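Topology and contacts: notes
Chain by chain, the residues:
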Amino acid sequence: MMINLLKLNENNSFFHSISLDADSCRGCINCLKRCPTEAIRVRKGKSEIIKEYCTDCGACIRACPHHAKKAMFDSLDSMNEYEYKIALPPPELYAQFNNLDDKSLVLNALISLGFDDVYEVAAAAELVSEITRKLLKAEGTRLPVISSACPSVIRLIRVKFPNLVDNISPVVSPAEMAANAAVKLAMLRTRLPREKIGVFFIAPCPAKVTEIYAPLGVKRSQIDKAVALRDIYPKLLPLMKKIAAGEGIKENEFPPEINKAGRIGISWGCHGGEAGGLLTDKYLAVDGIENVIQALEDLEDSKFMDLEFIELNACSGGCVGGVLAVENPYMAKVKLTTLRKYLPVSGTHIDAAVPPYAYHDKKIEYQPVYRLAETLEESIALMNTVDELVKKFPGLDCGCCGAPTCRSHSEDVARGVANERDCIHIFRNYINKSEGKNTNES
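Residues numbered from 1 in each chain as written. Predicted model: local features only at pLDDT ≥ 70, side-chain atom pairs only at ≥ 80, totals over all residues. Heavy atoms only, no water.

**A word on the overall build of the chain**
Counted only if it meets this: The numbering of helices and of strands both runs from the N terminus, where a helix is a DSSP run of H or I of at least 4 residues and a strand a run of E of at least 2. In this description the radius of gyration comes from C-alpha coordinates, and the expected globular size is given by 2.2 Å times residues to the power 0.38. Burial classification: accessible surface area is computed with a 1.4 Å probe over protein chains only, and a residue below 20% of its type maximum counts as buried, one above 50% as exposed, and the rest as partly exposed. All accessibility values rest on the Shrake-Rupley procedure with a 1.4 Å probe; residue burial counts only the protein chains present in the view. None of His or the chain ends enter the tally, which takes Lys and Arg as positive and Asp and Glu as negative. Here the site of a charge means NZ on Lys, CZ on Arg, CG on Asp, or CD on Glu.
The helix and strand inventory of the chain stands at 17 helices and 11 strands. Relative to the 2.2 N^0.38 estimate, which gives 22 Å for 442 residues, the radius of gyration of the chain is 24 Å and therefore close to what a compact globule would have. Projected onto its principal axes, the C-alpha positions of the chain cover 95 × 50 × 40 Å. Counting over 442 residues, the chain shows a buried share of 54%. Accessible surface for the chain amounts to roughly 20700 Å². Of this, 50% is attributable to carbon and sulfur atoms. One finds the centroid of the 54 positive side-chain charges in the chain at a distance of 2 Å from the centroid of its 57 negative side-chain charges.

What follows is the structure, given as structure tokens:
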């Protein structure tokens, strides 16, 4: 779903890039049962997204059989808004193509598509890995360091795991690192002002889109637009075939320096790739949002000991499993593994001091969106009400009431946004009592 995302985010601190097509929604509860943060309700036959709870993991998009949940992103036509255009391809883009043994085919196809320059996110990922290795050895670092690469996970920690917020890595994501580096290079090469340079990230998931328009950890993202990986994929295929056949290519048409990333950067596209590039065995790598939640709960309960680093990916398989990707994530991992064989260990290094843009410039803070009321005192009082309400419901967590669990329905009732009789079991008892009363009266 292509839309003006920047305009959409005005005055909206809880922006998210998943929308609902109400006409397509049939009021089934597939999305309701799959949402890991209980961000969905079904009211009056249509689903609703509670924006404060949503982390844009994309589980609802996968679960909806009617395609009512849609990811929002920018159109490629927005390239016309800029004089100089830079593409930021993530490593998972390479995993979409069959028999790819030279990633320069993909990078040069992006140039043929109309971009003036390309900066590999995988190359920036190698810089992030190098900085993180230094961070793990630095005195005073709070261990274990939690990766900041998956925006869905960071938003989850922000709203549900306050004790772990300070464990989040202060290093920016590879996409943000790539954008900063690419902009600085472009301004030096072209002498153009920043507003005439457009940075386009090829997004594998809606969470990455949200990271651009409502960033955490940085005051403003250097990425200007987010285009869907699944949209750019079919446009690259014919261009790659022409380039491979040498058709219509002029000498020195493509910049030779765009192909930089090595094995470490490419590995970031798959589960475990980021942690593997840190050269330590004291790490934990978890993928799949349900597994991530379990791992965070165990970490908060101090069940994990002697860890230095934790890699968490909301999508199964890592970023190759993003909902905006094309290839099956397990086949995509095989393709990346094959591609890595032909690459050096690392193609990018920090030559001098770590650039200041490599770190967050804004503190990530806990946001208590699950609090039942505005104040803690009111929340505690309502919690007692919720505990009493839960006892009235059958504990089946069937979702027929429009809430994912009996407890979440109790919370909605306590807040005044739902009714006890929305529960089909409570309503049935109410009808039976009413019929019995009418029978006795007659």
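Structure shown, so let's carry the discussion forward.
**What about the confidence of the model for the chain?**
Spelled out, the test is: pLDDT gives the predictor's per-residue confidence on a scale running from 0 to 100. Two residues form a contact once any of their heavy atoms are found within 4.5 Å.
The share of residues in the chain with pLDDT of 70 or more is 93%, and the mean pLDDT across the chain is 91. Note on residues 5-12: pLDDT under 50 across the span, and 14 contacts to partners over four residues away in sequence or across chains.

**A look at helix α5 (residues 104-113)**
Summarising burial for α5: seven of the 10 residues are buried, a large majority. Regarding α5, the residues found buried are Ser-104, Val-106, Leu-107, Asn-108, Ala-109, Leu-110 and Ile-111. Those residues of α5 hidden inside the fold are in contact with β5 (84-88), α4 (91-94), β6 (117-118), β8 (197-203) and α10 (229-245). Note on α5: the residue one or two positions beyond its end, Gly-114, has a positive phi of about 130 degrees.

**What about the packing of α5 against α10?**
Filter applied, for reference: Between the N-to-C directions of two axes lies an angle of 0 to 180 degrees, each axis being a line fitted to C-alpha atoms and, for a helix, fitted only over the stretch in contact. What sets the label is the angle itself: under 35 degrees gives roughly parallel, over 145 gives roughly antiparallel, 65 to 115 gives roughly perpendicular, and the rest give oblique. Under the scheme applied, nonpolar residues are Ala, Val, Leu, Ile, Met, Phe, Trp, Tyr, Cys and Pro; charged residues are Asp, Glu, Lys and Arg; polar residues are all the others, including Gly.
Interhelical geometry of α5 versus α10 gives an angle of 105 degrees and a closest axis separation of 8 Å. Classified by the interaxial angle, the pair formed by α5 and α10 is roughly perpendicular. Counting all contacts with α5, which are made through Leu-105, Val-106, Asn-108, Ala-109, Leu-110, Ser-112 and Leu-113, the residues of α10 involved are Ile-232, Lys-235, Leu-236, Leu-239, Met-240, Ile-243 and Ala-244. Broken down by class, the residue content of the contact of α5 with α10 amounts to 11 nonpolar, two polar and one charged.

**A few points about a nonpolar patch on the surface**
The criterion, for reference: Patch definition: residues with relative accessible area over 30% and no salt bridge; like charges joined within 9 Å; nonpolar side chains (Val, Leu, Ile, Met, Phe, Trp, Tyr) joined within 5 Å. The rule for a salt bridge is simple: a side-chain nitrogen of Lys or Arg has to be within 4 Å of a carboxyl oxygen of Asp or Glu.
Taken together, the side chains of Phe-427, Tyr-430 and Ile-431 make up a nonpolar region of the molecular surface, amounting to roughly 260 Å² of accessible area. Relative to the assigned elements, Tyr-430 resides in helix α17 (residues 424-441). When its relative accessible area of 39% is taken as the criterion, Tyr-430 is described as partly exposed.

**Regarding the pattern of salt bridges**
In total, this model carries 19 salt bridges according to the counting rule given. In this structure, the salt-bridge partner of Arg-43 is Asp-412, at a minimum N-O distance of 2.8 Å. With Arg-43 in strand β2 (residues 40-43) and Asp-412 in helix α16 (residues 406-415), the pair connects residues that are 369 residues apart, well separated along the chain. The residue Arg-220 makes a salt bridge to Asp-224 at a minimum N-O spacing of 3.8 Å. The class of Asp-224 is buried, set by a relative accessible area of 13%. Beyond isolated ion pairs, a larger network of salt bridges with shared partners links Arg-41, Arg-43, Asp-412 and Arg-415.

**Notes on the sheet that holds β8**
Applied cut-off: A pair of strands is considered paired only if DSSP assigns at least 2 bridges between the two.
Here we have four strands laid out as an open sheet, ordered β6-β5-β8-β9, and parallel in their pairing. Only two strands of the sheet have a single neighbouring strand rather than two, namely β6 and β9 (225-228). Where β8 lies against β9, four bridges are found, and the strand directions are parallel. Opposite Ile-202, over in β9, you have Val-227 as the bridge partner. Along the sheet face, helix α9 (residues 206-213) touches β8 and β9 and points at about 170 degrees away from the line of β9. Running at roughly 65 degrees to β9, α10 makes contact with β8 and β9 of the sheet.

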